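Summary of structural features
These are the residues of each chain, in order.
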Amino acid sequence: MLRSATATDIEVIAELRATVMRADLERLGRYDEHRVRQRLRDSFSSQHTSIIMIDRELVGCVTVRPSESGQWLEHFYLAPHCQGRGLGSAVLRTVLERTDAQGLPMSLNVLQGSAARRLYERHGFVAEAQDPIDVFMVRPPGAGTAA
């Protein structure tokens, strides 16, 4: 179930981000205990964020913001115990259906070497650019969506 985020969700989401991103950031030599949480706090928008709930437990979040070229997907995190069970695909399909209905492309960035890249590729995202830390991906409206 998705619900709208509120300002009171920020610290729970900041902790979730730190947990979910730690291994990839450490692998890239970029993990900083304070910065990983502060980057979320600095860019959090309850207006554009949905909270992923299972049995009244906050297990994730996803943010979709308007951008100059369409929509920007960010802060898509799932608690480790919920990963690999199809929940990420289900949430992503819901988000993409909304964006497709508006005829807008969706963009995102994912850390180099992150397993999340495979999820995005299965849903029609393609790499557009990259640097040593991030891969920038885009998905045109109506691109293939995995089951």
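Anything mentioned here points back to the structure above.
Note that the structure is a prediction, hence the values are computed from the model and not measured.

Of the regular secondary structure elements, the protein holds four helices and seven strands. Seen in sequence order, the protein has helices and strands lined up from the N terminus as β-α-α-β-β-β-α-β-α-β-β. Overall, the protein is about 35 × 35 × 30 Å in size when its C-alpha atoms are taken along their principal axes. The buried share of the protein, taken over its 147 residues, is 46%. At a minimum sequence separation of 6, the contacts of the protein that also span at least 24 residues come to 55%. Of the roughly 7,900 Å² that the protein leaves accessible, carbon and sulfur atoms contribute 50%. When the 18 positive and 18 negative side-chain charges of the protein are each reduced to one mean point, those points stand 3 Å apart.

Turning our attention to the side chain of threonine 63. Among the structural elements, threonine 63 can be located in strand β3 (residues 57-67). One polar contact links threonine 63 to threonine 49, side chain to side chain, over a distance of 2.7 Å.

Here the structure, examined in full by the defined rule, presents one aromatic pair. Taking 5.7 Å as the distance between ring centres and 70° as the angle between the ring planes, the aromatic pair formed by tyrosine 120 and phenylalanine 125 counts as edge-to-face. Here the two residues tyrosine 120 and phenylalanine 125 agree in accessibility, since each one is buried.

Attention now moves to the sheet that holds strand β7 (residues 134-139). Taken in spatial order, the seven strands of this open sheet run β1-β2-β3-β4-β5-β7-β6, and their pairing is mixed. A single partner strand is all that each edge strand has here, and the edge strands are β1 (2-4) and β6 (126-130). Within the sheet, the average angular offset between the axes of one strand and its neighbour, ignoring direction, is 30°. Bridging between β3 and strand β4 (residues 70-78) involves seven bridges; their strand directions are antiparallel. Directly across from cysteine 61, in β4, lies its bridge partner tyrosine 77.

Bringing the layout of surface pockets into the picture now. Each pocket or cavity is described by its volume, and for the largest pocket that value is around 1,100 Å³. Every residue lining the largest pocket is counted, 39 residues in all, and those nearest its centre are Phe76, Tyr77, Ser114, Ala116 and Tyr120. For the lining of the largest pocket, the secondary-structure elements that each account for two or more residues are α1 (10-27), α2 (35-43), β4, α3 (87-101), β5 (106-111) and α4 (116-122). Across the lining of the largest pocket, the residue classes tally to 19 nonpolar, nine polar and eleven charged. Roughly 280 Å³ of volume is contained in the second largest pocket. Lining the second largest pocket are 15 residues; nearest its centre among them are His48, Ser50, Val64, Val95 and Arg98. For the lining of the second largest pocket, the secondary-structure elements that each account for two or more residues are β1, β2 (49-54), β3 and α3.

Rules behind the numbers
Residues numbered from 1 in each chain as written. Predicted model: local features only at pLDDT ≥ 70, side-chain atom pairs only at ≥ 80, totals over all residues. Heavy atoms only, no water. Helix = DSSP H or I, 4+ residues; strand = E, 2+ residues; numbered from the N terminus. Buried < 20%, exposed > 50% of the residue type's maximum accessible area, 1.4 Å probe, protein only. Contact = heavy atoms within 4.5 Å. Areas by Shrake-Rupley, 256 points an atom, 1.4 Å probe, with all protein chains shown as cover. Lys, Arg positive; Asp, Glu negative; His and termini not counted. Charge placed at Lys NZ, Arg CZ, Asp CG, Glu CD. Polar contact = N/O pair within 3.5 Å; in protein donor to acceptor, adjacent residues only side chain to side chain. Phe/Tyr/Trp six-rings, centres within 6.5 Å; stacked < 30°, edge-to-face > 60°. Pairing = 2+ DSSP bridges. Axes fitted to C-alpha atoms, helices over the stretch in contact; angles between N-to-C directions. 1 Å grid on protein atoms, 1.4 Å probe; cavity = no way out; pocket = protein on both sides within 12 Å on 5 of 7 lines; lining within 4 Å. Points joined across faces, edges and corners; volume = space filled by probe spheres on them. Nonpolar A, V, L, I, M, F, W, Y, C, P; charged D, E, K, R; others polar.

Function cannot be read off these values alone, since they describe shape.
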